[in-house]
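Observations on the three-dimensional arrangement
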Amino acid sequence: MSSKTVAVAGATGLVGHHLLKTLESRNFPVKSLKLLASERSKGKRLTFRGEEIPVEVLTENSFKGVEIALFSAGGGTSKKFTPCAVRDGCVVIDNSSAWRMDPEVPLVVPEVNAAAVRTHHGIIANPNCSTIQMVVVLKPLHDAARIERVVVSTYQAVSGAGINALKELEDQTRAVLEGRDPVCQIFPHQIAFNCIPQIPQSDAFEDDGYSTEEIKMIKETQKIMGDQSIRVTATTVRVPVRTGHSESVNIETRDKLTADRAREILRKAPSVIVQDDLAKQLYPLATSAEGRWETFVGRIREDGSHSRALNLWIVSDNLLKGAAYNAVQIAELL
Ligand code: A2P
């Protein structure tokens, strides 16, 4: 691969930080790196491969000479600035939801639909964090037995809502332990010692009662798997975990899949690690997935209420496979 001029939009954020770390750890061939953020970050410097790089303010003219731009600065910023980047000949890998459902924009999880990258017209969308880890596990099971229906409930980490959300979790936890009233600024309710069934925290629910995160999981799963016939329903919940999304997933398949067969398939699946040894109390945990790029699956068991259904527990680092690592994998495909 020839060396590329790369820009990271949203470089000062949590995902931005992990994008820089992933470009370093994957030894991505970066010829030069441009770091972009808002006016608030003017004057900041970030370290990449031991070198301090100044953060520049993201503008319409930031992408001249840039070949690959990794965007993680929110949906509004992506909508506004990705067309400028494409106009200047740059390929954008966008971590926001701005373009994901656009039929012209491939939505890519390399283990599932790598070939879709070839159809891009300048923008490639990185899917929703909860969806990525789920489809990495579902794809090999779908290939083996055709999944007809998915029922998923998520237990999503606070870092998915950004740096300020993590700080709110820490501040609230301290406040509660010290007997003070927790202050809610990012989340609509106390997140410390609590679970909030509303993601994203700033979005209103749809008329049918679903949250936008739940709709993303439904629609993105069908798009990435290339199968609109898979029925998906989701309940997405924020939990007071720093990093690592966990998911309880029930799948109904056309062909019967035993738990043993599912384990065998998943042991051979790319980027998947099976952790399923009940005698040793081994199953995926957010704390052990943090900092890892793989997706972990365990508690694989046949659903006693249905002859062709399985229950799974799926965990991954939402900032890595759910965001930065998947984006860098897409850049590698390019
Ligand atoms: P900044 O740090 O200057 O606010 P997180 O999701 O962790 O909160 O990070 C969001 C990232 O997106 C940060 O790097 C933030 O920059 C960046 N960002 C947010 N809004 C804009 C904007 N309007 N223009 C450029 N960067 C933005």
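Predicted model only: the values in this text are computed from it and were never measured. (Residues numbered from 1 in each chain as written. Predicted model: local features only at pLDDT ≥ 70, side-chain atom pairs only at ≥ 80, totals over all residues. Heavy atoms only, no water.)

1. Looking at helix α4 (residues 129-145)
The end-to-end C-alpha distance of α4, which contains 17 residues, comes to 25 Å, matching closely the 24 Å that a straight helix rising 1.5 Å per residue would cover. Considering bend angle alone, the principal kink of α4 is centred on Leu138 and spans about 35 degrees; proline Pro140 follows within four residues of it. Put simply, Asn128 is the residue that caps the front of α4, since its side-chain oxygen is 3.1 Å from the backbone nitrogen of Ser130. Just beyond α4, the residue with positive phi is Arg146, at close to 55 degrees. (Helix = DSSP H or I, 4+ residues; strand = E, 2+ residues; numbered from the N terminus. Expected span 1.5 Å × (residues − 1). Bend = angle between axes of the 7 residues up to and from the residue. Polar contact = N/O pair within 3.5 Å; in protein donor to acceptor, adjacent residues only side chain to side chain.)

2. Some remarks on the sheet that holds strand β9 (residues 231-238)
What the six strands build is an open sheet, ordered β9-β8-β10-β13-β12-β11; its pairing is mixed. At either end of the open sheet lies a strand with only one pairing partner, and these are β9 and β11 (272-274). For this sheet, the mean inter-axis angle between neighbouring strands, taken without regard to orientation, is 20 degrees. Sheet contacts for helix α7 (residues 259-267): β11, β12 (295-302) and β13 (309-316); angle to β12, the most-contacted strand, approximately 165 degrees. (Pairing = 2+ DSSP bridges. Axes fitted to C-alpha atoms, helices over the stretch in contact; angles between N-to-C directions. Contact = heavy atoms within 4.5 Å.)

3. Examining the sheet that holds strand β2 (residues 30-37)
Sheet architecture is open: seven strands sit in the order β3-β4-β2-β1-β5-β6-β7, paired in mixed fashion. Whereas interior strands pair on both sides, the edge strands pair on one side only; in this sheet they are β3 (45-48) and β7 (123-125). For this sheet, the mean inter-axis angle between neighbouring strands, taken without regard to orientation, is 25 degrees. Summarising the sheet, strand β5 (residues 68-71) and strand β6 (residues 91-94) pair through four bridges and their orientation is parallel. The partner of Phe71 across the bridge, within β6, is Asp94. Helix α1 (residues 14-25) rests against β1 (4-9), β2, β3 and β5 of the sheet, and its axis sits at about 25 degrees to β3. Across the face of the sheet, helix α9 (residues 320-333) comes into contact with β5, β6 and β7 while running at roughly 155 degrees to β6.

4. Section: α9
Along an α-helix, residues three or four apart share an orientation, since each turn contains 3.6 residues. With 14 residues, α9 extends just 17 Å between its outermost C-alpha atoms, more than 12% less than the 20 Å of an ideal straight helix rising 1.5 Å per residue. Most pronounced at Asn326, the bend in α9 amounts to some 40 degrees. With 12 of its 14 residues buried, α9 lies for the most part within the structure. Where α9 is concerned, the buried positions are Leu320, Lys321, Gly322, Ala323, Ala324, Tyr325, Asn326, Ala327, Val328, Gln329, Ile330 and Ala331. (Buried < 20%, exposed > 50% of the residue type's maximum accessible area, 1.4 Å probe, protein only.)

5. Section: the domain arrangement of the chain
On domain assignment, one finds that the chain holds domain 1 (4-127 + 324-333) and domain 2 (131-318). Taken over C-alpha atoms, the centre of domain 1 sits 25 Å from the centre of domain 2. Between domain 1 and domain 2, the contact holds 18 residues from the first and 17 residues from the second. When the buried area of domain 1 at its contact with domain 2 is split by residue, Leu14, Glu111 and Val112 rank highest and sum to 38% of it. (Domains from an automatic or database assignment. Buried area = accessible area lost by both parts, 1.4 Å probe.)

6. Structural notes on the pattern of salt bridges
A side chain with one charge can pair with a side chain of the opposite charge if their charged atoms come near. Here the structure, examined in full by the defined rule, presents 24 salt bridges. One salt bridge connects Glu220 with Arg100, and the closest N-O pair in it is separated by 3.0 Å. Within this pair, whereas Glu220 is found in helix α6 (residues 212-225), its partner Arg100 is found in the loop between β6 and α3 (110-113), the two being separated by 120 residues in sequence. Arg100 gets classed as buried once you look at its relative accessible area, which sits at 6%. Here Glu264 and Arg261 are joined by a salt bridge, their closest N and O atoms 2.9 Å apart. One end of the pair, Glu264, and the other, Arg261, are both in helix α7, three residues apart, so they sit about a helical turn from each other. Assessed through its relative accessible area of 37%, Arg261 is described here as partly exposed. It is possible to trace a salt-bridge network through shared partners that takes in Lys64, Arg87 and Asp88. (Salt bridge = Lys/Arg side-chain N within 4 Å of Asp/Glu carboxyl O.)

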